[in-house]
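Residue-level structural notes
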Amino acid sequence: MVPFAYLAAPNLRSAISRATRSSRAEFIAGGTDMLQLLQERVRAPEELIDLNGLPLSDIEITADGIRIGALARMAQVVSDSRVREQFPAVTQALLASASPQIRNMASVGGNLLQRTRCLYFRDVATPCNKREPGSGCSALDGENRLNAILGGSSQCIAAYPGDLAIALLALDAKVEIAGQSGQRVIPLDELHRLPDDAPHVDTTLRPGDIITAVSISTSDFARRSCFLKIRDRASFEWALASAAVALSMDHGKIRHARIAVGGVATKPWRLRHVEQALTDRELHADLFRRVAALAADGAQPRTQNGFKAELLKRVVERALRQVGETA
Ligand SMILES: Cc1cc2nc3c(=O)[nH]c(=O)nc-3n(C[C@H](O)[C@H](O)[C@H](O)COP(=O)(O)OP(=O)(O)OC[C@H]3O[C@@H](n4cnc5c(N)ncnc54)[C@H](O)[C@@H]3O)c2cc1C
Ligand code: SF4
């Protein structure tokens, strides 16, 4: 590990200003991803700013829903009955993530910002545009079984790895951010960016920005939501393909549908065209099969990850059936 300075941030303001001043300072929360990145020398910050002393771990009921502090641990959110009842997809996504030990340590903010599991990103002996801009992308013609089939560019096809963000995207969650110019709130859909020609920039966060909370509004569709994940083994593994689905119904018809998918795209990915195909339609198993067939439209598989297109259609159909059964 490369030596670094350590600062336990005494308050939000000093954490932001310290991180804004140095381009080589980074935040740490639970450390479950950051420590791996340091050990593997993927990251070598001059200073680590520890956010754990900040008062950002409450889960609060608000006028229109729930607000989860960025330092709330994944396990804390899993055990919250309000989240389980109002936003089942969130609880299910967290339970399908990592292991109980990691969920005890890992924070909600850190989860959203975890880095890709692309093999080459985490192997400093290989070229990788995301880790070292301009060095090339080893995955394009290399080991790309785990990589994205949607949202890639000629520079990077790394899949976004997290599960929680997929459930939050389907539920139209918002992210609260504190930065040098004050507080702002953005839709979760605007937090992560496509790789385009700058794959080393994962998000739209500015230098010094800290995620302070995630908020979700209560709604009919949030209550009728689910998260499903297909992976190589039953636990302790990231998604090959996942789907978060939410439906709101009106007299046997689908009024609104929300579908977000993970494991297959370079950022949390919303299937708006599939949502559209469900709107105002009668709930029917055959409908789910027909619309799920559209899920991989526009996919650009590489040599080893073509199987993800079929997996994606199946996980979307299964998730739709699962939510449909409760309607
Ligand atoms: C073996 C293993 C299996 C796993 N399986 C899964 C899985 O199946 N699904 C899944 O979703 N995840 C999985 N994970 C990833 C795990 O969930 C993340 O590592 C964890 O959620 C990161 O949270 P953290 O608090 O530990 O973040 P840290 O490691 O402390 O930080 C992660 C990143 O976020 C930044 N950061 C942290 N908090 C903030 C904040 N509030 N504002 C701004 N920046 C911040 C840090 O600077 C860093 O870049 C797995 C991890 C391991 C080790
Ligand atoms: S896909 Fe992205 S993360 Fe993976 S090697 Fe290519 S540039 Fe690096």
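Residues numbered from 1 in each chain as written. Chains lettered and ligands numbered in written order. Predicted model: local features only at pLDDT ≥ 70, side-chain atom pairs only at ≥ 80, totals over all residues. Heavy atoms only, no water.

Attention now goes to the nonpolar core. The biggest cluster of nonpolar side chains holds 43 residues, and the ones touching the most others in it are Val77, Phe87, Val90, Leu112, Leu168, Leu171 and Ile216. By residue number, the principal contributor to this core is helix α8 (residues 164-170), which donates seven residues. In this structure, Phe87 is in contact with Ile66, Arg82, Leu171, Ile216, Ser217, Thr218, Ala222 and Ser225, ignoring residues within four places of it in sequence. Counting residues in each nonpolar core, the second largest holds 31 residues, with Cys226, Met249, Leu271 and Phe288 among its members. (Core = buried A, V, L, I, M, F, W, Y, C linked by side-chain atoms within 4.5 Å. Buried < 20%, exposed > 50% of the residue type's maximum accessible area, 1.4 Å probe, protein only. Helix = DSSP H or I, 4+ residues; strand = E, 2+ residues; numbered from the N terminus. Contact = heavy atoms within 4.5 Å.)

Close to ligand 2 lie 14 residues, the nearest being Cys118, Cys128, Cys137, Cys156 and Ile157. Looking at the shell around ligand 2 residue by residue, the classes come out as nine nonpolar, four polar and one charged. (Near = heavy atom within 4 Å. Nonpolar A, V, L, I, M, F, W, Y, C, P; charged D, E, K, R; others polar.)

Let's shift gears to the environment of Leu51. Along the chain, Leu51 falls in the loop between β3 (47-50) and β4 (59-61). On the accessibility criterion, Leu51 (10% relative accessible area) is buried. When the C-alpha positions of Leu51 and Ala70 are compared, they lie 9.8 Å apart, and in sequence the two are 19 residues distant. With near-sequence residues (within four places) excluded, Leu51 lies in contact with Ala15, Phe27, Ile28, Leu71 and Ile210.

Now for the site of ligand 1. The environment of ligand 1 is made up of 32 residues, and the closest members are Phe27, Ala29, Gly31, Thr32 and Ser107. Between ligand 1 and Glu237 there is a distance of 3.0 Å, counted from an oxygen atom to a backbone nitrogen or oxygen. In isolation ligand 1 offers 970 Å² of accessible surface; the protein chains occlude 94% of this area. Listing elements by their share of the shell around ligand 1, those giving two or more residues are β2 (25-28), α2 (34-39), α7 (108-112) and β8 (210-217). The biggest single contributor to the shell around ligand 1 is α7, with three residues. When grouped by side-chain class, the residues that make up the shell around ligand 1 number 16 nonpolar, 11 polar and five charged. (Polar contact = N/O pair within 3.5 Å; in protein donor to acceptor, adjacent residues only side chain to side chain. Areas by Shrake-Rupley, 256 points an atom, 1.4 Å probe, with all protein chains shown as cover.)

On to the side chain of Asp202, then. You can see Asp202 is positioned in the loop between β7 (182-187) and β8. Side chain to side chain, Asp202 and Arg115 meet in a polar contact 2.7 Å long.

Bringing the sheet that holds strand β5 (residues 65-69) into the picture now. As summarised here, the arrangement of the five strands in space is β4-β5-β8-β6-β7, forming an open sheet in which the pairing is antiparallel. Two strands in the sheet have a free side with no partner beyond their single neighbour: β4 and β7. In this sheet, adjacent strand axes meet at a mean angle of 20 degrees when their direction is disregarded. As paired strands, strand β6 (residues 174-179) and β7 are joined by six bridges and run antiparallel to one another. From the neighbouring strand, Ala178 faces β7, where its bridge partner is Gln183. Taken strand by strand, helix α1 (residues 12-21) contacts β6, β7 and β8, and its axis lies near 120 degrees from that of β8. (Pairing = 2+ DSSP bridges. Axes fitted to C-alpha atoms, helices over the stretch in contact; angles between N-to-C directions.)

Structural measurements only, silent on function.
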